[in-house]
Amino acid sequence: MAFENLLVERDGGVAVITVNRPKVLNALNTQTLDELRRAILELKHDDSVRAVVLTGAGDKGFIAGADINELAVQTPTGGREHALRGQHVLDLIEHMGKPVIAAINGYALGGGCEMAMACTLRIAAETAKLGQPEINLGIIPGYAGTQRLARIVGKGRALELLLTGDQIPAQEAHRIGLVNRVVPAAALMSEAKKLAATLASKAPVAVHYILDAVQKGMEMPFPEAEVFEATLFGLVSSTEDMREGTKAFLEKRKADFKGR
Ligand code: COA
């Protein structure tokens, strides 16, 4: 995979994507979004990749939002297309069927906060700041931030963040449930990779179905989501990994999952 604005590395079953435009705090222009789309699709279809870490280059920015140079000149139809394209890329991340950990190393604002929210889990450096400052530009979030933020932190807190445009420190983001963990900046990547390696060692089909059951199930009426869960529960029973996991428990040894 050759990209101009991304770095993609592999370490065992873990892939690390780094958005690499540090001069503009890794702001997402059209090209970067498109490169992310291609990288996510490639990693989704690569069976050797079981978890992904997404971060930003440099120590100041995770992603400081959509590129304001592009926003400043957008037309109504262009703005709609821009939002749909961004939503599509974030949906791909959310539904890639593998855990994606946002390692938030600095500013995660606007599209950066939206990107982090599309990830499965979020680990932030103590120095990171998060927010949806679009209101200060006279616009609104367009990568489904109004929807994911309310689902993650609740309607009241989401409306406060969206309407004030405030940047909140990592510890406050942790208090309201916007990030899962806060760690010292120097430990961020090692902690994110450690967590990714742990998730990568789990049975991949079960991981995929848990992601589907929660993410898709939460958008369904409860009784339908229960049927969906039961169907996935039945399907996972057909895997070699289910037989290995239960056998390993009974034989008092560590399971060796193969992803089948
Ligand atoms: N789009 C394009 N360029 C951006 C950007 C964005 N979203 N965010 C930062 N940059 C650029 C700045 O213009 C600056 O470029 P320059 O060196 O050519 O002047 C560079 O990144 C560094 O940012 P700067 O503002 O000088 O750093 P700072 O430490 O003073 O402030 C922020 C950091 C994140 C608070 C500030 O850059 C900011 O508010 N960015 C915009 C955030 C935003 O509104 N995002 C939502 C967009 S929808």
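Read on for an overview of the structure.

### Remarks on the overall build of the protein
Tallying secondary structure elements over the protein gives 11 helices and 10 strands in all. Scaling as 2.2 N^0.38, a compact globule of 260 residues should have a C-alpha radius of gyration of about 18 Å, and the protein matches this with 19 Å. Along the longest, intermediate and shortest principal axes, the C-alpha atoms of the protein span 60 × 40 × 35 Å. By residue count, 44% of the 260 residues in the protein fall in the buried class. Taking the intrachain contacts of the protein between residues at least 6 apart in sequence as the baseline, contacts between residues at least 24 apart amount to 69%. Put simply, the protein shows about 13200 Å² of open surface, and 57% of that area lies on carbon and sulfur atoms. In the protein, which carries 30 positive and 31 negative side-chain charges, the distance between the mean positions of the two groups comes to 4 Å.

### Quick word on the site of the ligand
Close to the ligand lie 18 residues, the nearest being Val 24, Lys 60, Ala 64, Ala 66 and Ile 68. At a separation of 2.9 Å, a nitrogen atom of the ligand approaches a polar backbone atom of Ala 64. Ala 66 places a main-chain nitrogen or oxygen 2.9 Å from a nitrogen atom of the ligand. When isolated, the ligand has an accessible area of 860 Å², and the protein chains bury 59% of it. If you tally residues by element for the shell around the ligand, the top one is helix H2 (residues 68-71), at three residues. For the shell around the ligand, the per-class residue count stands at 11 nonpolar, three polar and four charged.

### Brief notes about the nonpolar core
Membership of the largest hydrophobic core comes to 48 residues, with the highest contact counts inside it found for Ile 17, Leu 36, Leu 54, Ile 104, Met 115, Leu 130 and Leu 178. Sequence-distant contacts of Leu 178, defined by excluding residues within four places in its chain, comprise Cys 113, Met 117, Arg 122, Leu 130, Leu 149, Ile 152, Val 153, Ile 168 and Ala 173. Listed in part, the 14 residues of the second largest apolar core include Val 14, Ile 101, Ala 103 and Ile 123.

### Observations regarding the sheet that holds strand E4 (residues 61-63)
Reading across the sheet, the four strands line up as E4-E6-E8-E9 and stay open at both edges, with mixed pairing between neighbours. For this open sheet the edge positions go to E4 and strand E9 (168-169), each flanked by a neighbour on one side alone. Of the strand pairs in this sheet, strand E6 (residues 107-109) and strand E8 (residues 129-131) are connected by three bridges, and their pairing is parallel. When the sheet's bridge partners are listed, Tyr 107 is paired in E8 with Lys 129. Sheet contacts for helix H4 (residues 111-118): E4, E6 and E8; angle to E6, the most-contacted strand, approximately 90°.

### Description of the sheet that holds strand E2 (residues 14-19)
Read across the open sheet, the six strands follow the order E1-E2-E3-E5-E7-E10; overall the sheet is mixed. The sheet terminates laterally at strand E1 (6-11) and strand E10 (181-183), the two strands that pair on one side only. With direction set aside, neighbouring strand axes in the sheet form an average angle of 20°. Strand direction decides the pairing type here: E2 and strand E3 (residues 51-56), joined by six bridges, are parallel. By the bridge assignment for E3, Ile 17 is matched with Leu 54. Together, E1, E2 and E3 form the strand contacts of helix H1 (residues 30-44), whose direction differs from that of E2 by roughly 175°.

### Observations concerning the pattern of salt bridges
Counted according to the given criterion, the structure contains 16 salt bridges. A salt bridge links Arg 80 to Glu 81, with the nearest nitrogen and oxygen atoms 3.9 Å apart. We classify Arg 80 as exposed; its relative accessible area is 54%. Two residues, Arg 151 and Glu 219, come together in a salt bridge whose shortest N-O distance is 3.1 Å. Remark: Glu 219 occurs in the loop between helix H9 (204-215) and helix H10 (222-236) and Arg 151 occurs in helix H5 (residues 145-153); sequence separation between them is 68 residues.

### A look at the side chain of Thr 239
Structurally, the position occupied by Thr 239 is in the loop between H10 and helix H11 (240-250). Judged by relative accessible area, which is 7%, Thr 239 ranks as buried. Side-chain polar atoms of Thr 239 contact the backbone oxygen of Val 236, separated by 2.7 Å. Thr 239 has contacts with Val 205 and Arg 260, leaving out every residue within four places of it along the chain.

### Looking at the side chain of Arg 122
Note that Arg 122 resides in strand E7 (residues 121-125). Look at Arg 122: it is buried, it has no salt bridge, and the nearest opposite charge is Glu 94 at 7.4 Å. Other than its neighbours up to four places away in sequence, Arg 122 contacts Ala 102, Ile 104, Ala 116, Met 117, Ile 152, Leu 178, Val 179, Asn 180 and Arg 181.

What counts and how
Position numbers for residues count from 1 along each chain, tracking the sequence in the order it is written. This being a predicted model, a pLDDT of at least 70 is required before a residue's local features are given, and a value of 80 or more before pairs of side-chain atoms are given or counted; all residues contribute to the totals for chains, interfaces and linings. Note: side-chain values were computed over all heavy atoms of the structure, leaving out hydrogens and water. Helix numbers and strand numbers start at the N terminus; a helix is a DSSP run of H or I with at least 4 residues, a strand a run of E with at least 2. For this measure, only C-alpha atoms enter the radius of gyration; the expected value for a globule follows 2.2 Å times N^0.38, where N is the number of residues. Note on exposure labels: buried denotes an accessible area under 20% of the residue type's maximum, exposed denotes more than 50%, and partly exposed covers the range between, all computed with a 1.4 Å probe on protein chains only. It only takes one pair of heavy atoms within 4.5 Å for two residues to be counted as in contact. In these tables, accessible area is a Shrake-Rupley quantity obtained with a 1.4 Å probe, and a residue counts as shielded only by the protein chains included in the view. This count recognises Lys and Arg as positive and Asp and Glu as negative, with His and chain-terminal groups excluded. In plain terms, the charge of a residue is placed at NZ if it is Lys, CZ if Arg, CG if Asp and CD if Glu. If even one non-hydrogen atom of a residue comes within 4 Å of a molecule or strand, that residue is called near it. Polar contact is the term for a pair of N or O atoms within 3.5 Å; when the atoms are in protein, one must be able to donate a hydrogen and the other to accept it, and sequence-neighboring residues count only if both atoms are side-chain atoms. Charged residues are taken to be Asp, Glu, Lys and Arg, nonpolar residues to be Ala, Val, Leu, Ile, Met, Phe, Trp, Tyr, Cys and Pro, and polar residues to be all remaining types, Gly included. Buried residues of nine kinds, namely Ala, Val, Leu, Ile, Met, Phe, Trp, Tyr and Cys, make up a nonpolar core once their side-chain atoms join them within 4.5 Å. Strands are labelled as partners when DSSP assigns at least two bridges between them. Each axis is a line fitted through C-alpha atoms, taken for helices only over the stretch in contact, and angles between the N-to-C directions span 0 to 180 degrees. Salt bridge, as used here, is a side-chain nitrogen of Lys or Arg placed within 4 Å of a carboxyl oxygen of Asp or Glu.

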